[in-house]
Amino acid sequence: MALYKSKGIVLRSIRYGEADRILDLYTHDYGMVSAIAKGIRRTRSRFGARLEPLSCVDVMAYSGRSLDTVTQAEVLRSFHGVREHLGRLEAAGSMVRNVRALSGGDEGDRRVFNLLYRSLETLEERGAGFKSVEAAFGLKLATLAGYAPELEACMSCGASLEGTEGLLYYAPVLGGILCADCRAETAEAFPLPPGTLFGLRSLVSGPVKQAVLEERLEESARRVVGAHILAHAPAATSLEPRPRVRPA
Ligand SMILES: [Zn+2]
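Residues numbered from 1 in each chain as written. Predicted model: local features only at pLDDT ≥ 70, side-chain atom pairs only at ≥ 80, totals over all residues.

(A) Region of interest: the pairing of strand β6 (residues 168-171). Alternating positions in β6 separate into two faces, L168 and Y170 on one and Y169 and A171 on the other, with burial throughout. Judged from the 3 bridges that link them, β6 and strand β8 (residues 190-192) form a sheet pairing that is antiparallel. Residue Y170 lies in a different strand from β8, and its bridge partner there is F190. The pairing of β6 with strand β7 (residues 176-178) spans 3 bridges and is antiparallel. Bridge pairing links Y170 to I177 in β7. Connecting the antiparallel pair β6 and β7 is a turn made up of 4 residues, with G175 showing a positive phi of about 80°. (Buried ≥ 20, exposed ≤ 12 C-beta atoms within 10 Å, placed from the backbone. Helix = DSSP H or I, 4+ residues; strand = E, 2+ residues; numbered from the N terminus. Pairing = 2+ DSSP bridges.)

Here it is, written out as structure tokens:
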């Protein structure tokens, strides 16, 4: 059984039996990992700190056939300020769901770990604009997963979207924008309030720390990101982790 060590962010922590927990982690080195931490819920657990969702931990574990076993874990950063605030927690919850949806079966990608860490840090540090962080995170995550949304030209006719007078639409299944003419031929598209496209582009091009949309645009940006990821998530990965690649 191979022993490994990595930083990881706890995506989910489920009670198991009397005193154990099963953790889903997105690790820095091995991507998604599911591992059991035995005896962790005993008051005198050797793990010391509680491994709560969203905390970033340094974990040592050995691989098992379906589930790894945690032998050591140390909390590096708890992101307590995210868990204790409803607006931040909602944004973080959506970020975690999106990681699970898009990264379930892939090899580890350090950029995903780093993006998640930076986004949690941003949520914890700021007092408003949580939905902007959530939307920026989703756009960047989709891009890392190979599903970057097309925001430059109409997905159907290829017309440039610069200076377009009419309404623009987002077509999640196509993964991009439709102009008003093309929208008529595609049912699966919803209108974007004016300014949304510009807002989405600014979230794609800038760092997460600077993600700020006008409040009226935050909801439409979130809708685009949520629908886009739902349309491109590989089937079933949102529920169960698939086999992952790790040194044997
Ligand atoms: Zn078009």
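(B) Quick peek at the sheet that holds strand β2 (residues 20-27). Strand order in the closed barrel formed by 5 strands is β1-β2-β3-β5-β4, and the pairing between neighbours is mixed. Between one strand axis and the next, the sheet turns by 50° as a mean value, whatever way the strands run. Pairing analysis gives 7 bridges linking strand β4 (residues 56-62) to strand β5 (residues 68-77), with the strands arranged antiparallel. Along β5, the bridge assignment pairs D58 with E74. In this fold helix α2 (residues 86-103) packs onto β1 (3-16), β2 and β3 (31-37), with an angle of close to 115° to the strand it touches most, β1. (Axes fitted to C-alpha atoms, helices over the stretch in contact; angles between N-to-C directions. Contact = placed C-beta atoms within 7 Å.)

(C) Structural view of the environment of G195. Tracing the backbone through its elements, the reader meets G195 in the loop between β8 and α6 (196-205). Here G195 falls in the partly exposed class, since 14 other C-beta atoms lie within 10 Å of it. A C-alpha to C-alpha distance of 9.6 Å links G195 and R216, two positions 21 residues apart in sequence.

(D) Looking closely at helix α4 (residues 130-144). Helix length check: α4 (15 residues) gives 21 Å between terminal C-alpha atoms against 21 Å at 1.5 Å per residue, within 8%. In terms of burial, α4 is largely enclosed, as 13 of its 15 residues are buried. One or two positions beyond α4, positive phi appears at G146, with a value near 90°. (Expected span 1.5 Å × (residues − 1).)

(E) Structural context of the environment of F113. Tracing the backbone shows F113 in helix α3 (residues 110-125). Separated by 82 residues in sequence, F113 and G31 have C-alpha atoms that sit 7.9 Å apart. If near-sequence neighbours (up to four positions away) are discounted, F113 is found in contact with I9, Y26, T27 and H28.

(F) How the structure looks around the confidence of the model for the protein. Residue-level pLDDT values for the protein average 89, and 89% of them are 70 or greater. Predicted confidence for residues 236-244 stays below pLDDT 50, and this span has 18 contacts to residues more than four positions away or in other chains. (pLDDT = per-residue confidence, 0-100.)

(G) Looking closely at the nonpolar core. Counting 67 residues, the largest nonpolar core has I9, L25, Y26, V99 and L116 as the members making the most contacts within it. If one sorts the elements of this core by residue count, α4 sits on top with 8 residues. If you count residues domain by domain, this core takes at least three from each of domain 1 (3-78) and domain 2 (85-239). Beyond its immediate stretch of four places on either side in the chain, Y26 contacts G8, I9, L11, G31, M32, V99, S103, V112, F113 and L116. (Core = buried A, V, L, I, M, F, W, Y, C linked by C-beta atoms within 7 Å. Domains from an automatic or database assignment.)

(H) Structural context of α6. Those residues of α6 lying buried are T196, L197, G199, L200 and L203. Take α6 and look down its axis: the buried residues cluster within an arc of 160°, on one side only. Along α6, the residues that are exposed and aim more than 90 degrees away from the buried face are F198 and S205. Where α6 is buried, its residues touch α4, β6, β7, β8 and α7 (215-232). (Arc of directions from axis to C-beta.)

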